[in-house]
Every structure is written in structure tokens, then in C-alpha cells.
Amino acid sequence: MRNKYSVFSLIKNALSYHENWQRAWKDPAPKKEYDAIIVGGGGHGLATAYYLAKKHNMNNIAVVEKGWIGGGNTGRNTTIIRSNYLWDASAGLYDHALKIWEGLSQELNYNVMFSQRGVMNLAHNLQDVRDLKRRTHANRLNGIDAVYLSTEEVKKFCPIINTSPDIRYPVLGGTLQRRAGTARHDAVAWGYARGADAMGVDIIQNCEVKGIKRNGDSVEGIETTKGFIKTKKVGVVAAGHSSVIANMAGLRLPLESKPLQALVSEPVKPIIDTVVMSNAVHAYVSQSDKGELVIGAGTDDYVSYTQKGSHQIVEGTLNAILELYPIFSRMRMLRQWGGIVDICPDASPILSKTSIKGLYFNCGWGTGGFKATPGSGDLFAHTIANDEPHKLNAAFNLNRFVSGDLVDEHGAAAVAH
Amino acid sequence: MFLINCPYCGERDQQEFKAGGEAHIERPKQPTELSDDEWAEYLFMRKNIKGVQFERWNHAHGCRKWFNMVRDTSNDEIKAIYKMGEKPPAQ
């Protein structure tokens, strides 16, 4: 039985100097067989396991993770959550996630620190203005909150932005989604892990998948560094390494894996109480609760699994940040890192069955998967449990690359890629 | 970030180059004969290898010529560089 976190449990544990808190999840050895196995213990994978157990009564399942949970892109992103996408299919997908975010801390009994501080997207040229206005209208038709702001309104909402007309890429306006914001990325992984574990899901860390065993066109199990595990359903949620797993099963995916960088500054007092993103100059920034500026840079244009990225990418982002926020000119950067993102040709994800029975892929989230974590888990769990996609993820199937029915979201990406 | 030995200009900073993706994807000889599956395979499906991969690169801010590269994507180590039309080295 899992103890509930509450003010009473806090007081009770304070009396024993916080030395007797219950483990948030167990550390089991793999069983011989499961009803389903999720490959990848990031936010999306753990959320998938959580909803499989919670909504589809699949409790004899496991999550296998080659490192530690939340140690991949879940712990490497810039924690931004929004749903202001252009196309209907994307709006449905991302707003489904945003609605779950709004009640997630209560549902998981775990504070994911979801903060609806708003996300502002800036326009720097006339085409940006037209695109963002169009997107605002499209969002509102889909029931997603969006407003278009003039330069003066941008300045009023975030006073530290340099809205002077004589900068290289002046701010001509922007959009604002007030329901958007940020969440604590580690807490999302930990909260879902704790919730899934409480319903009987085995979370197996330090267990790398080495092969997918097939019998003809069906999955029979997975080879791992902890031995063979039998199962009829495998859901792969391996982000940048999706193609590596696909190759094991003899599949090819429309993905390229590239390093995406982010960096944080030294912590300072509150200075920016929202998230500001700019696609045209490729700069986005928010401030963590610790006070660090959280800055997202871009992807390199070559395939790499090195989790590093090139210096000039960071330099370009910081140039743009400094022109937009001259007040940051003497900030020092504390840390820089890269994560490997799997990008689809249409910049939309894949949540899909495959040509192999019992093998499912949830991948292609590219540079913006964190925001979708709860929705992605919920819809992927539905797809695995029913062997059919939910209507909200039906458009995000693998077959769209054959039929040509792409969901081209390059325009609604926060930054160009 | 690494140095690339352009077969025409010599060693230059990677910033001068543009990555052109997977190499040796042959353009269909008879496009009208192709099925939708074959088009998808040609246009979109990629090996995306973690390890030694064959790629095309372009010296965009230099001689602007295309060439091929063999590179280990797990550590960005360049194994070989050869001109377009040349036979790829055995790996």
C-alpha cells in the first residue's frame, strides 16, 4: 500500500528527521513474462504504463529503462507546456495533454509544480505577424485560448523585452496563451513512476534492450541486459533512440536523431514571470523556481547521438537573447547540455501500430515532447490496450508517410527545425 | 563541432558545412512505376544509425561542392571522406 503524501505525512516524517519515508517505487528484478512491456522510462513511457494500469486494468506490465528513469530527455528539456498548434489534429493532441496537466498534481498525489504562467510567441517580421494571427484564429476555433498582442502589449506583459524599433529583428507583436506554462520535469517522471508502481507496474532500471524477438509478424519478447523477457505487446517510447530499437525489429522509421541543446544561467531573483519564445531569431527563455534562466537553443543539422551539440548553436541563441533582453548581458551561464531528439519530416509525432503485430511506437516528438507527456501516455496506452488508436492520435500514424496525409507543424514549432 | 577535411579545400571548421543526410539513397529510375510504399521508403524512411553511417555533406560556405563522409554518430568521429561518384570504402 502506498502512503499518501499530505501535510500530516510531512509532520509525521519530520518527527523522525525524514529518515523513514517510504520508497517512491520498488526496484524489482524482471519477471519471465508480462502482458506488455514499455521500452523507455522517460515521462512518456512511465505515463503510458500509468494509464495502461489505471484505465485499461493492465497491471502485469513493466517499464524497462537502460539508464535511470527520467535521465534522458525528460531531464534535459526546458519544461515548456503549451497547446497553441496550428492544425486541428495537433490542437486536439496537445490540448488533451494540457487539460490533463491542469489536474495532474492532484491525480498523482505528487506536486509536478505545473505553473500556468503563460507562453508568449513573438513576431519579428510581417510574415511572422500574418502566421501568428492565423494561428491565433485557428487556436480559437479549436477552443484553445489565444490572444494576439501588439508590440506595446508585449512590452506590458514582459517589460524586460527590448521592443525598440531599431534592433535587427524588432518585435512587431506576439501571441499569448495564458493556460500555457511550465512544470517540474523530474517530478513528472517521478510522479508517474510512483503512481504506476503503486498499481503493480514493475519499473526496471539499468536494463537495456538488445533485441526484439519476433515470430513471423508477431512480437514474442525482448532480449535485455537482464535476460529474455516474454511478452506479446511492446510499446517503444525511446525518443532519440527509437530508430535503434526499430532497426532491431527490422523496421525503418522516418526519423533523424539530432542533438538539441539547452542551458541555464546562475540563479538570480525573479525577473521574468512568463515564457517567451521567438521562432524567427531562435531564442526562448523562462526562469526556473530556483531562479536560473532556462534557455533553449537549436538542433544541429547532422545526425548524432552524442548529447553534446555544436558551440555555434549556443552562440547564435545567446546573440538573439542579448538583443531581446539587454538586461541579461552580464549573466553567466552555469550549465549547458544536449539531448538527442528524433525529428519527423513533418515535425509531428508518431503514436502508432506498426507492420509487426504487438509492436507499437511512440516517437518523433522532436524538439517539443515534454508538453505532451500526460496526453501522449494516455493515448499511447489506449492504442496498446485496444490495438487501435484513439481518435485523438489516429492522424499520427506511421502510414501518413505512405498516404501523404502529413501533419505539417513546422510553422507552429516554437523554434525552427 | 568538429573539423572536416573537405576533399577540395582541406581541413575546415564544421560551421562551414551543411549536413545533407543519409548517402547512397538512389533516385528511383522509373518514378512512374513506384508504389506509394516505395515512395515513402525513398522520401522519408531513414536508417538513422547509432554508429558508423554514410552521409552526404556540402561545403556550403566554401567551395560549395558535395561529398560523402563515413562518420560514427555515437562519437562524431569521421572515418573517411570521399568524393561524389567514388566507391564507398568497405566498413
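Conventions used here
- Residues numbered from 1 in each chain as written.
- Chains lettered and ligands numbered in written order.
- Predicted model: local features only at pLDDT ≥ 70, side-chain atom pairs only at ≥ 80, totals over all residues.
- Heavy atoms only, no water.
- Contact = heavy atoms within 4.5 Å.
- Buried area = accessible area lost by both parts, 1.4 Å probe.
- Salt bridge = Lys/Arg side-chain N within 4 Å of Asp/Glu carboxyl O.
- Polar contact = N/O pair within 3.5 Å; in protein donor to acceptor, adjacent residues only side chain to side chain.
- Helix = DSSP H or I, 4+ residues; strand = E, 2+ residues; numbered from the N terminus.
- Buried < 20%, exposed > 50% of the residue type's maximum accessible area, 1.4 Å probe, protein only.
- Pairing = 2+ DSSP bridges.
- Axes fitted to C-alpha atoms, helices over the stretch in contact; angles between N-to-C directions.
- Core = buried A, V, L, I, M, F, W, Y, C linked by side-chain atoms within 4.5 Å.
- Parallel < 35°, antiparallel > 145°, perpendicular 65-115°, else oblique.
- Left-handed = near helix turned anticlockwise from the far one by under 90°.
- Nonpolar A, V, L, I, M, F, W, Y, C, P; charged D, E, K, R; others polar.
- Patch = residues over 30% accessible without salt bridge, like charges linked within 9 Å, V, L, I, M, F, W, Y side chains within 5 Å.
- Areas by Shrake-Rupley, 256 points an atom, 1.4 Å probe, with all protein chains shown as cover.

Things to note about the interface of chain B and chain A
Facing the 28 residues of chain B at the interface are 26 residues of chain A. Here chain B meets chain A over a buried area of about 2200 Å², counting both sides, of which 50% is carbon and sulfur. It is Phe44, Met45 and Asn48 of chain B that lose the most area in chain B upon contact with chain A, and together they represent 29% of the buried surface on that side. For the interface between chain B and chain A, the tally reads three salt bridges. For the salt bridge of Glu41 of chain B with Arg252 of chain A, the shortest nitrogen-to-oxygen distance reads 2.7 Å. At the boundary of chain B with chain A, the tally comes to 13 residue pairs in polar contact (both at pLDDT 80 or more).

Notes on the pattern of salt bridges
All names here are of chain A. Applying the stated criterion across every chain yields a total of 27 salt bridges over all chains. With a shortest N-O distance of 2.7 Å, Arg400 and Asp346 are connected by a salt bridge. Highlighted residues: Arg400 in helix H11 (residues 400–403) and Asp346 in the loop between strand S18 (333–343) and strand S19 (350–353), separated in sequence by 54 residues. Each member of the pair Arg400 and Asp346 is classed as buried. Here the residues in one salt-bridge network are Asp95, Lys99, Glu102, Asp145 and Arg179, joined through shared partners.

Let's talk about the sheet that holds strand S5 (residues 66–72) of chain B
Residue and element names in this part refer to chain B. Read across the sheet, four strands follow the order S3-S4-S5-S6 without closing on themselves; strand pairing throughout is antiparallel. On the outer flanks of this sheet lie strand S3 (18–22) and strand S6 (77–83), each paired with one strand and no other. Pairwise comparison of adjacent strand axes, ignoring direction, gives a mean angle of 35 degrees for this sheet. In this structure, S5 lies alongside S6, joined through six bridges in antiparallel fashion. Each bridged residue has a counterpart across the sheet, and for Phe67 the counterpart in S6 is Lys83.

Quick word on the pairing of strand S1 (residues 3–6) of chain B
Covered by surrounding structure in S1 of chain B are Ile4 and Cys6 of chain B only, the residues Leu3 and Asn5 of chain B on the alternate face being uncovered. Here S1 of chain B hands over to strand S2 (residues 10–13) of chain B after three residues, the two strands then running antiparallel side by side.

So, the nonpolar core
Residues and elements named next belong to chain A. Within the largest apolar cluster, 47 residues are counted, with the highest numbers of intra-cluster contacts made by Leu46, Tyr51, Trp101, Leu104, Val112 and Tyr192. For this core, the secondary-structure elements that each account for two or more residues are strand S2 (36–39), helix H2 (43–56), strand S3 (61–64), helix H3 (88–101), helix H4 (104–108), helix H7 (185–198) and helix H10 (373–386). At seven residues, the largest contribution of residues to this core is made by H2. Listed in part, the 31 residues of the second largest apolar core include Ile204, Ile222, Ile245 and Leu251.

Some words on the packing of H2 of chain A against H10 of chain A
Residue and element names in this part refer to chain A. Contact geometry of H2 with H10 gives a least axis separation of 7 Å together with a crossing angle of 55 degrees. Put simply, H2 runs oblique to H10. Seen along the crossing, H2 lies across H10 with a hand that is right-handed. Facing H2, whose interface residues are Gly43, His44, Ala47, Thr48, Tyr51, Leu52, Lys55 and His56, H10 presents Thr373, Pro374, Ser376, Gly377, Asp378, Phe380, Ala381, His382, Ile384, Ala385 and Asn386. Across the contact of H2 with H10, the residue classes break down as eight nonpolar, nine polar and two charged.

Some thoughts on a nonpolar patch on the surface
Residue and element names in this part refer to chain A. Taken together, Val7, Phe8, Ile11 and Leu15 make up a surface patch of nonpolar side chains, about 480 Å² in accessible area. With respect to the element layout, Phe8 can be found in helix H1 (residues 7–15). Using a relative accessible area of 64% as the deciding quantity, one classes Phe8 as exposed.

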